[in-house]
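Architecture and fold: a report
Each chain, letter by letter, is given below.
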Amino acid sequence: MDATPVSPLRRRLLLPVCTMLFLCLYMFYSCSGSCAPLSSSPGPLSQLLLRPQPRAPAEEGGSSISTFYNGSGSKKLPQAIIIGVKKGGTRALLEFLRVHPDIRAVGAEPHFFDRNYDKGLDWYRELMPRTLEGQITMEKTPSYFVTKEAPARVSAMSRDAKLIVVVRDPVTRVISDYTQTLSKRPDIPTFESLTFKNRTTGLIDTSWSAIQIGIYAKHLENWLQYFPMSQILFVSGERLITDPAGELGRVQDFLGLKRIITDKHFYFNKTKGFPCLKKAEGSSKPHCLGKTKGRTHPNMNPEVVQRLREFYRPFNMKFYQMTGHDFGWD
Ligand SMILES: Nc1ncnc2c1ncn2[C@@H]1O[C@H](COP(=O)(O)OS(=O)(=O)O)[C@@H](OP(=O)(O)O)[C@H]1O
């Protein structure tokens, strides 16, 4: 069969056109590798496919769960979970971690291992963002830490799951917890009346869930039935405020990630009184957490606070022993 003859003009144009095309493609790929902010381990092609992660609609455990863009990658069960503690600084940690290009996290709290377990793993996976090879899927639900069934359930999903617990002085934590409830229901009993079973004897009411949450050693014992200590990282809620980059460095190491999130990502916002991100993930604007994070706590009776300190002390000591770390709570 005869081939169609190529005209001399077309032949002369073919080489420059191909060269141009090659150069365009080369510039396009190399820019995506070096011009993208915070680019890291995923290669240039992966970078092209990355998209900003949607935030939780209501920042603090927003009610609707954000799923993900219709890009490439697949939805996977989380390999790392922030399991607690309530009011420890879990939202700050997750928001900071989301800056990392190798972390994809669901914004709202799925509450799978406590409230939604009967919905099944497929339901849970469906909530997750799509991830590319090498990226870590994460979520945070602070109530897992105190949920009796959660350790067995998480272990049934993956014995290799990495667990992160943000802990905070249990006395400040219980006041923070109370402040949150008060902001929603101003008619609740006083902090003092909820704290004591008997005011005269000073007996603490351990049936109040807000008190229970702070007995970290007890909850940790449950988790240690299913996970070795090496799979659990404790983040200091206090240091997350005073030295966010330092704590984020530890978390990135624990997750086996390159230390991408550093001092350069934070600034201290004097008005807010907390560290904020210079650039939120997927945006060029500074980002502080919302009004419900970093509330002013009401003044509590110093005697009540002192009594609570005494109550928590032995549990704190036990917790320091178990974790091999003194968190410095009095
Ligand atoms: N950077 C930054 N900005 C704002 N707030 C910060 C930050 N880092 C830690 N914190 C502390 O986080 C506390 C809320 O903790 P959680 O996010 O774990 O709360 S929740 O359990 O999800 O409701 C919240 O508690 P309150 O101060 O009592 O509001 C903060 O003290």
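What comes next is a walk through the structure. (Residues numbered from 1 in each chain as written. Predicted model: local features only at pLDDT ≥ 70, side-chain atom pairs only at ≥ 80, totals over all residues. Heavy atoms only, no water.)

The next thing to look at is the site of the ligand. Neighbouring the ligand are 23 residues, the closest being Thr90, Lys140, Ser176, Gly294 and His297. A distance of 3.0 Å is found between an oxygen atom of the ligand and a backbone nitrogen or oxygen belonging to arginine 91. At 2.9 Å from an oxygen atom of the ligand is found a main-chain nitrogen or oxygen belonging to arginine 295. Across the complex, the protein chains shield 96% of the 650 Å² of accessible surface that the ligand would expose by itself. In terms of residues, the shell around the ligand owes the most to one element, helix α3 (residues 90-97), which gives four residues. (Near = heavy atom within 4 Å. Polar contact = N/O pair within 3.5 Å; in protein donor to acceptor, adjacent residues only side chain to side chain. Areas by Shrake-Rupley, 256 points an atom, 1.4 Å probe, with all protein chains shown as cover. Helix = DSSP H or I, 4+ residues; strand = E, 2+ residues; numbered from the N terminus.)

This part takes up helix α5 (residues 150-157). By the burial criterion, the buried members of α5 are Ala150, Pro151, Val154, Ser155 and Met157. When α5 is viewed along its axis, its buried side chains cluster within an angular range of 155 degrees and face the same direction. Of the surrounding elements, those touching the buried residues of α5 are β2 (80-84), α4 (121-127), β6 (162-167) and α9 (216-224). (Buried < 20%, exposed > 50% of the residue type's maximum accessible area, 1.4 Å probe, protein only. Arc of directions from axis to C-beta. Contact = heavy atoms within 4.5 Å.)

Below, the discussion takes up the pattern of salt bridges. All told, the structure shown has 16 salt bridges when counted by the stated rule. For glutamate 95, the salt bridge goes to arginine 91, with nearest N and O atoms at 3.5 Å. Of this pair, glutamate 95 and arginine 91 both sit in helix α3, separated by four residues, roughly a single helical turn. Accessibility assignment for this pair places glutamate 95 and arginine 91 in one class, buried. Through salt bridges with shared partners, one network takes in Arg239, Asp243, Glu247 and Arg250. (Salt bridge = Lys/Arg side-chain N within 4 Å of Asp/Glu carboxyl O.)

Spatially, five strands are ordered β3-β5-β2-β6-β9 in an open sheet, and the strand pairing comes out parallel. Where the open sheet ends on each side, the last strands, each with one partner, are β3 (103-105) and β9 (232-236). This sheet shows a mean twist of 25 degrees between the axes of neighbouring strands, independent of strand direction. Set on the sheet, α9 makes contact with β2, β6 and β9; between it and β9 the angle comes to about 160 degrees. Strands in contact with helix α11 (residues 244-254) are β6 and β9; relative to β9, the strand with the most contacts, it is inclined by about 170 degrees. (Pairing = 2+ DSSP bridges. Axes fitted to C-alpha atoms, helices over the stretch in contact; angles between N-to-C directions.)

Bringing the side chain of serine 155 into the picture now. With respect to the element layout, serine 155 can be found in helix α5. Those residues within four positions of serine 155 in sequence are excluded, and the remaining contacts are Tyr226 and Phe227.

This brings us to the side chain of serine 176. By secondary structure assignment, the location of serine 176 is in helix α6 (residues 170-184). If sequence neighbours within four positions are ignored, serine 176 has contacts with Lys87, Arg168 and His297.

Right, let's get into the environment of asparagine 299. Assignment of secondary structure puts asparagine 299 in the loop between β11 (274-277) and α12 (302-323). Here asparagine 299 falls in the exposed class, since its relative accessible area comes to 80%. Along the primary structure asparagine 299 and isoleucine 175 are separated by 124 residues, whereas in three dimensions their C-alpha atoms are 9.5 Å apart.

By the criterion of burial, α11 is predominantly enclosed, with eight of the 11 residues buried. Buried residues belonging to α11 abut α3, β6, β9, α10 (237-242), β10 (266-269) and β11. Note on α11: the residue one or two positions beyond its end, glycine 256, has a positive phi of about 75 degrees.

For a regular strand, side-chain orientation follows a simple rule: the groups alternate between the two sheet faces. In terms of residue burial, β6 counts as a mostly covered element, since five of its six residues are buried. Pairing between β2 and β6: four bridges, direction parallel. When the bridges of β6 are listed, isoleucine 81 appears paired with leucine 163. Relative to β9, β6 is paired through five bridges, and the arrangement is parallel. Residue pairing in the sheet places valine 167 in a bridge with serine 236 of β9.

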